[in-house]
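Listed here are the chains, written in short residue letters.
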Amino acid sequence: MDEATKSSLKAIPLCKTKASPRDGDLWIERLKEEYESIIAAVQNNKNSDRDWFKLESNERGTKWFGKCWYFHNMVKYEFDVEFDIPITYPVTAPEIALPELDGKTAKMYRGGKICLSEHFKPLWARNTPKFGIAHAFALGLGPWMAVEIPDLIEKGLIHPKA
């Protein structure tokens with residue numbers, strides 16, 4: 001892991017509560033921690049001029065959706081992002097999906113779910129319950145996009161939105 005990644009990761013608050021949507025008041029506490037981490041990550045990204053995603057959830061915090069974007073050769077490529085919180089969360093990481101990229105790369109499952117199994121899932125497992133949604137974006141979606149999006153652009157499989 002490079003120093004910039006380590007530095008940005010250290011700025012994201014860790015979660016303390018081990019709770020899933022089935023855990024009532026404990027889930028509400030976990031959700032507060034998740035929002036604190038996401039807000040800190042977004043603020044840190046904005047402060048370092050690396051803003052690249054926007055997220056919101058349903059009222060219960062079980063379904064998340066928003067936008068993520070990637071700049072390549074000074075052109076912005078924007079994508080819808082979505083995921084559900086698994087019942088076994090935080091032991092199981094969320095499966096982050098970019099639905100409009102479904103079928104465009106081998107490093108993706110049905111429905112546009114990005115493949116994180118080889119590199120990210122072991123890291124998540126070692127850091128349960130401390131890692132949360134912001135960490136999944138910083139260590140999962142961000143690096144995935146950095147590798148896959150330029151490749152998809154070069155192959156002519158994706159284009160900037162007008």
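Residues numbered from 1 in each chain as written. Predicted model: local features only at pLDDT ≥ 70, side-chain atom pairs only at ≥ 80, totals over all residues. Heavy atoms only, no water.

A. Quick peek at the pairing of strand E2 (residues 63–72). Taken together, the five bridges between strand E1 (residues 53–57) and E2 define a ladder with antiparallel strand orientation. In the sheet register, phenylalanine 53 faces E2, and the bridge partner there is cysteine 68. In terms of strand pairing, E2 meets strand E3 (residues 75–84) through ten bridges, oriented antiparallel. Counted as the bridge partner of tyrosine 70 is tyrosine 77 from E3. Between the end of E2 and the start of E3, which pair antiparallel, lie two residues, with asparagine 73 showing a positive phi angle near 50°. (Pairing = 2+ DSSP bridges. Helix = DSSP H or I, 4+ residues; strand = E, 2+ residues; numbered from the N terminus.)

B. View of the nonpolar core. Counting 43 residues, the largest nonpolar core has Phe137, Leu141 and Ile149 as its most contacted members. Looking at this core, the elements that each hand over two or more residues are helix H2 (25–47), E1, E2, E3, helix H3 (120–126) and helix H4 (133–154). In terms of residue count, H4 provides more of this core than any other element does, eleven residues in total. Leucine 141 has contacts with Trp52, Cys68, Val81, Ile96, Leu98, Ile114 and Ala136, leaving out every residue within four places of it along the chain. (Core = buried A, V, L, I, M, F, W, Y, C linked by side-chain atoms within 4.5 Å. Buried < 20%, exposed > 50% of the residue type's maximum accessible area, 1.4 Å probe, protein only. Contact = heavy atoms within 4.5 Å.)

C. Molecular detail of the UniProt feature "active site" (unreviewed entry) in the protein. Residues annotated by UniProt as "active site" (unreviewed entry) correspond here to Cys115. Among residues more than four places away in sequence, those in contact with cysteine 115 are Lys107, Met108, Tyr109 and Trp144. (UniProt positions renumbered as here; feature names shortened; annotations may be inferred.)

D. Structural context of empty space enclosed by the protein. In the structure shown here, the tally under the stated rule is one cavity of 30 Å³ or more. The calculated volume of the largest cavity comes to roughly 60 Å³. Taken together, Pro94, Glu95, Ile96, Tyr109, Ile114, Cys115, Leu116, Ser117 and Lys121 form the lining of the largest cavity. Split into classes, the residues belonging to the lining of the largest cavity amount to six nonpolar, one polar and two charged. (1 Å grid on protein atoms, 1.4 Å probe; cavity = no way out; pocket = protein on both sides within 12 Å on 5 of 7 lines; lining within 4 Å. Points joined across faces, edges and corners; volume = space filled by probe spheres on them. Nonpolar A, V, L, I, M, F, W, Y, C, P; charged D, E, K, R; others polar.)

E. Region of interest: the environment of asparagine 44. Among the structural elements, asparagine 44 can be located in helix H2. Using a relative accessible area of 28% as the deciding quantity, one classes asparagine 44 as partly exposed. Measuring from C-alpha to C-alpha, the distance between asparagine 44 and alanine 93 comes to 23 Å, with 49 residues separating the pair along the chain. Once residues within four sequence positions are removed from consideration, asparagine 44 is found in contact with Ala11 and Ile12.

F. How the structure looks around the packing of aromatic side chains. Considering all chains together, one arrives at ten aromatic pairs under this definition. Between phenylalanine 120 and tryptophan 124, the aromatic rings sit 5.7 Å apart at their centres with planes inclined by 55°, giving tilted as the arrangement. Of the two residues, phenylalanine 120 and tryptophan 124 both sit in helix H3, four residues apart, roughly one turn of that helix. The exposure classification of phenylalanine 120 matches that of tryptophan 124, with both residues buried. Ring pairs connect the aromatic residues Tyr35, Trp52, Phe53, Trp64, Phe83 and Phe137, which therefore count as one cluster. (Phe/Tyr/Trp six-rings, centres within 6.5 Å; stacked < 30°, edge-to-face > 60°.)

G. Examining H4 more closely. Its 22 residues place the ends of H4 30 Å apart at the C-alpha level, agreeing with the 32 Å of an ideal helix rising 1.5 Å per residue. The sharpest bend along H4 comes to roughly 30°, located at alanine 146, with the proline proline 150 sitting one to four residues further on. The element H4 is largely enclosed, with a buried count of 16 among its 22 residues. Note on H4: the residue one or two positions beyond its end, glycine 156, has a positive phi of about 75°. (Expected span 1.5 Å × (residues − 1). Bend = angle between axes of the 7 residues up to and from the residue.)

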